[in-house]
Amino acid sequence: MNQYPKWKYGLVLIAIFIGLIYSVPNFFGESPAVQIMPPKTSDKLDLSILATIEGSLKQANLPVEGIIQEPNGIKIKFANPDNQLKAKDILQNTLGSNYVIALNLVSKSPSWLSKIGAIPMYLGLDLRGGVHFLLQVDMKAASEQAAESNLNDFRMTLRKERISYIGASRLNEIVKLEFDNQEDREKAKKLIKVNYPDLVVNESSSGKDKALDISMSEMGKKKIQEFALKQNLQTLHNRINELGVAEPIIQQQGLDRIVVQLPGVQDTAKAKEILGRTATLEIRLVDEDKTDIASLESAQKGNTPFGDDLFKDRDGRSILVKKNVLLTGERITDAGPGVDQQSGRSVVHVTLDGRGSNIFKQVTRENVGKRLAILLVEKGQTEVVTAPVIQQEIGGGRVQISGMNSPQEATDISLLLRAGALAAPMQIIEERTVGPSMGEENIKRGVHSTLWGFAAISIMMIIYYMAFGGVSIFALAVNLLLLVALLSIMQATLTLPGLAAIALALGMAIDANVLINERIREELRNGNTPQASIHAGYDRAFDTILDSNVTTLIAGLALFMFGTGPIKGFAVVHVLGILTSMFSAILVSRALVNIIYGYRRKIDKLSIGQIYKPQED
């Protein structure tokens, strides 16, 4: 008799149960929603505005499907996109510019499923709708920023080596160092060539002054441009991911462009705001000679002293800081929130890289007793977070930033600093929005094609293999269930190519069942008993099934390793479909056949279709 040990039946039942639980959330769909957030991530949303929101929506006769409160915002669900758009306009008029109001989509899945981790898989831009941007990286600005950084480094290096110079300036991408004599110029030239191999150093003279014109070599320019593109990619990825935007797609396109897709975000203005939310740190010296009231009042009227910038601190007080940037966020390797042991207030601990650590050590050594302004640049706005007096030389590369208003603000600023700064400016050269209705139509077409394919396979299998065809179809349904569940557990992003891969997985998965059924028929034609034929059919078909699936699996893995974007999405679903089809075709179908036939001592005939015996000569 054909029987499984009880643990195998249990394994099959557990797999089907888990498949049901984790695939169900994908069938509830999504509700249009309006998301309300504070303008800065460091601010907390005042939940007292809930009453204002509910009152304004009630007055406009807009029914609300539900309200979700989150740590950094509120999501209000509506029955349809029309109510969603009307609600957004009403809330913008009611709340004004004090809040960020954006369109979004929220799952209708019950909360109890979410609590056990059963959440729907992410849908790509073509299925869920969202925004698509093509950004152009300003490579010229990247080279100029590198030249500015080199200019500051040259000043530090020449002072450290006690080489006298009478001037240091930058014109676009060329740095000019001026010297009083030939000897100092030769020392500087030799020093720069040794320490900066990617730079081209040329001698020039104007009158009695000796000068060096320093520019980037072609190889150096290429390195800077590659770094700028990679840094911008990483910064965008970190920033969007850490703020919880659903499964973005951020990819390089060509030599100087980046594609950003934000599925589920329906508001292009909000999407632009997300892309621009990168903060960086600047460390400058306070102009101690311009701290009197008269100088500050004059600067506030627009008469800013030469070489200074006017900013405000967190208490609204004006501070004049020097234009020369000593350190930027590029030198930050890590940032995390903490608590000052003395005051008990929230702080941010910043760790600098080796080069940044050396610069900071030298700056603090040379400016003891002066104030050092730590500026946070976010969304084009510069704010003096703190301006402490330098008490002593600070080494080790670890800096503490005080002045945080709350632990949440310390956490948010740490997040922004970890995300890093853009290595070069970018501008949006193409943008488009895919509406949720178009995504819904794509889902319907993809699902319908899968269902029609499943129906056609079912009819063919039942007609040709009868009861064993029904068993194969049950195994195929379990295969589809497990595939959807796996994609949900892994939180994979499903796109149109992914839907195509699901349809293909169904067609390929049935091959294993065809091999098994044909092998059983062959055993019956050879005169074996039905029980022996079932046993031999599954055992002898296993090697063939394994070989065919392994070769297909290798092709899928190659697509995943070397493909990008839609090809990689197709490969993920394709590989998972092979694994689930192996499980369902061999274990699930065998378990069901064992339940139907395994406990019968005597079987006269198997319901496996017409068996044609070979004619004898």
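In this text the structure is predicted, and so the values were computed from the model without any measurement.

About the cut-offs
Residues numbered from 1 in each chain as written. Predicted model: local features only at pLDDT ≥ 70, side-chain atom pairs only at ≥ 80, totals over all residues. Heavy atoms only, no water. Helix = DSSP H or I, 4+ residues; strand = E, 2+ residues; numbered from the N terminus. Buried < 20%, exposed > 50% of the residue type's maximum accessible area, 1.4 Å probe, protein only. Contact = heavy atoms within 4.5 Å. Areas by Shrake-Rupley, 256 points an atom, 1.4 Å probe, with all protein chains shown as cover. Patch = residues over 30% accessible without salt bridge, like charges linked within 9 Å, V, L, I, M, F, W, Y side chains within 5 Å. Salt bridge = Lys/Arg side-chain N within 4 Å of Asp/Glu carboxyl O. Pairing = 2+ DSSP bridges. Phe/Tyr/Trp six-rings, centres within 6.5 Å; stacked < 30°, edge-to-face > 60°. Lys NZ or Arg CZ within 6 Å of the ring centre and 35° of its normal. Expected span 1.5 Å × (residues − 1). Arc of directions from axis to C-beta. Polar contact = N/O pair within 3.5 Å; in protein donor to acceptor, adjacent residues only side chain to side chain. 1 Å grid on protein atoms, 1.4 Å probe; cavity = no way out; pocket = protein on both sides within 12 Å on 5 of 7 lines; lining within 4 Å. Points joined across faces, edges and corners; volume = space filled by probe spheres on them. Nonpolar A, V, L, I, M, F, W, Y, C, P; charged D, E, K, R; others polar. Core = buried A, V, L, I, M, F, W, Y, C linked by side-chain atoms within 4.5 Å. Axes fitted to C-alpha atoms, helices over the stretch in contact; angles between N-to-C directions.

(A) A look at the overall build of the chain. Counting its regular elements, the chain contains 16 helices and 23 strands. Relative to its full complement of 617 residues, the chain shows a buried share of 47%. Counting only contacts in the chain whose residues sit at least 6 apart along the sequence, the fraction spanning at least 24 positions is 71%. Carbon and sulfur atoms make up 54% of the accessible area of the chain, which totals about 31,400 Å².

(B) Quick peek at a nonpolar patch on the surface. Nonpolar side chains collect at one region of the surface, where Ile 14, Phe 17, Ile 18 and Ile 489 lie side by side and expose about 390 Å² of accessible area between them. Here the nonpolar patch takes three residues from helix 1 (residues 6-23), the largest share from any one element. Along the chain, Phe 17 turns up in helix 1.

(C) Looking closely at the pairing of strand 6 (residues 130-137). Counting buried positions along strand 6 gives eight out of eight residues, so the element sits mostly inside the fold. In this sheet, strand 12 (residues 257-263) lies alongside strand 6 in antiparallel orientation, the contact comprising seven bridges. Pairing of His 132 across the sheet is with Gln 261, part of strand 12. As paired strands, strand 6 and strand 22 (residues 426-434) are joined by eight bridges and run antiparallel to one another. In the sheet register, Leu 134 faces strand 22, and the bridge partner there is Glu 430.

(D) Structural view of the pattern of salt bridges. Tallied over the full model, the rule gives 10 salt bridges. Glu 288 serves as the salt-bridge partner of Arg 371, at 3.9 Å between the closest nitrogen and oxygen. With Arg 371 in the loop between helix 11 (354-366) and strand 19 (372-378) and Glu 288 in the loop between strand 13 (279-285) and helix 10 (293-300), this residue pair connects regions lying 83 residues apart in the sequence. For Arg 371, a relative accessible area of 24% translates into the label partly exposed. Note on Glu 288: relative accessible area 31%, which makes it partly exposed.

(E) Spatial organisation of the packing of aromatic side chains. All told, the structure shown has two aromatic pairs when counted by the stated rule. Centre to centre, the rings of Tyr 464 and Tyr 465 are 4.8 Å apart; their planes meet at 85°, and the pair counts as edge-to-face. Here the aromatic rings of Phe 468 and Tyr 597 are separated by 5.6 Å at their centres, their planes lie at 15°, and the arrangement is stacked. Taken together, the positions of Phe 468 in helix 13 (residues 436-489) and Tyr 597 in helix 16 (residues 566-598) put the pair 129 residues apart, joining distant regions of the chain. The cationic tip of Arg 521 hangs over the ring face of Tyr 464; the distance from NZ or CZ to the ring centre is 4.6 Å.

(F) Quick peek at helix 14 (residues 496-525). For helix 14, built from 30 residues, the straight-helix expectation of 44 Å at 1.5 Å per residue is met to within 8% by its first-to-last C-alpha distance of 44 Å. Downstream of helix 14 by a residue or two, Gly 527 has a phi angle that is positive, lying close to 95°.

(G) Expanded view of helix 10. Those residues of helix 10 not exposed but buried are Ser 295, Leu 296 and Ala 299. For helix 10, the angular spread of the buried residues around the axis is 95°, confining them to a single face. Exposed positions of helix 10 whose direction lies more than 90 degrees from the buried face are Ile 293 and Ala 294. Lining the buried residues of helix 10 we find strand 14 (308-312) and strand 15 (318-322).

(H) A look at the side chain of Ser 589. For Ser 589, the location among the structural elements is in helix 16. The class for Ser 589 is buried, based on a relative accessible area of 1%. Separated by 2.3 Å, the side chain of Ser 589 and the backbone oxygen of Ala 585 make a polar contact. The residues touching Ser 589, leaving out its near neighbours within four places in the chain, are Val 471, Ala 475, Asn 513, Tyr 538 and Ser 584.

(I) Examining empty space enclosed by the protein more closely. Inspection of the entire model under this criterion finds four cavities of 30 Å³ or more. By volume, the largest cavity is sized at about 40 Å³. Considering the residues around the largest cavity, the lining is formed by Ala 147, Asn 150, Phe 154, Glu 173, Val 175, Leu 199, Ile 214, Ser 215 and Met 216. Of all the secondary structure elements, the ones that give two or more residues to the lining of the largest cavity are helix 6 (139-160) and strand 10 (209-216). Residues belonging to the lining of the largest cavity are distributed by class as follows: six nonpolar, two polar and one charged.

(J) Up close: the nonpolar core. Core analysis: the largest hydrophobic core is formed by 37 residues, its most contacted members being Phe 154, Leu 177, Ile 192, Ile 214, Ile 258 and Val 260. Those elements giving two or more residues to this core turn out to be strand 6, helix 6, strand 8 (174-179), helix 7 (182-195), strand 9 (199-206), strand 10, helix 8 (218-242) and strand 12. In terms of residues, this core owes the most to one element, helix 6, which gives seven residues. When neighbours within four sequence positions are excluded, Ile 258 is seen to be in contact with Phe 133, Leu 134, Leu 135, Val 137, Leu 229, Asn 232, Leu 233, Leu 236, Ile 250, Gln 251, Gln 253 and Met 426. Counting residues in each nonpolar core, the second largest holds 27 residues, with Val 471, Leu 524, Met 582 and Tyr 597 among its members.

(K) Structural context of the sheet that holds strand 6. The four strands lie next to each other as 11-12-6-22, forming an open sheet whose pairing is antiparallel. Lying at the two open borders of the sheet, with one neighbouring strand each, are strand 11 (249-253) and strand 22. Strand-to-strand twist in this sheet, taken as the mean axis angle between neighbours without regard to direction, amounts to 20°.

(L) View of the sheet that holds strand 3 (residues 73-77). Read from one edge of the open sheet, four strands run 2-3-1-4, paired in antiparallel fashion. Only two strands of the sheet have a single neighbouring strand rather than two, namely strand 2 (66-70) and strand 4 (100-107). Across the sheet, the axes of successive neighbouring strands diverge by a mean angle of 25°, strand direction being ignored. Sitting on the sheet, helix 3 (residues 81-95) is in contact with strand 1 (30-37), strand 3 and strand 4, with an inclination near 10° to strand 1.

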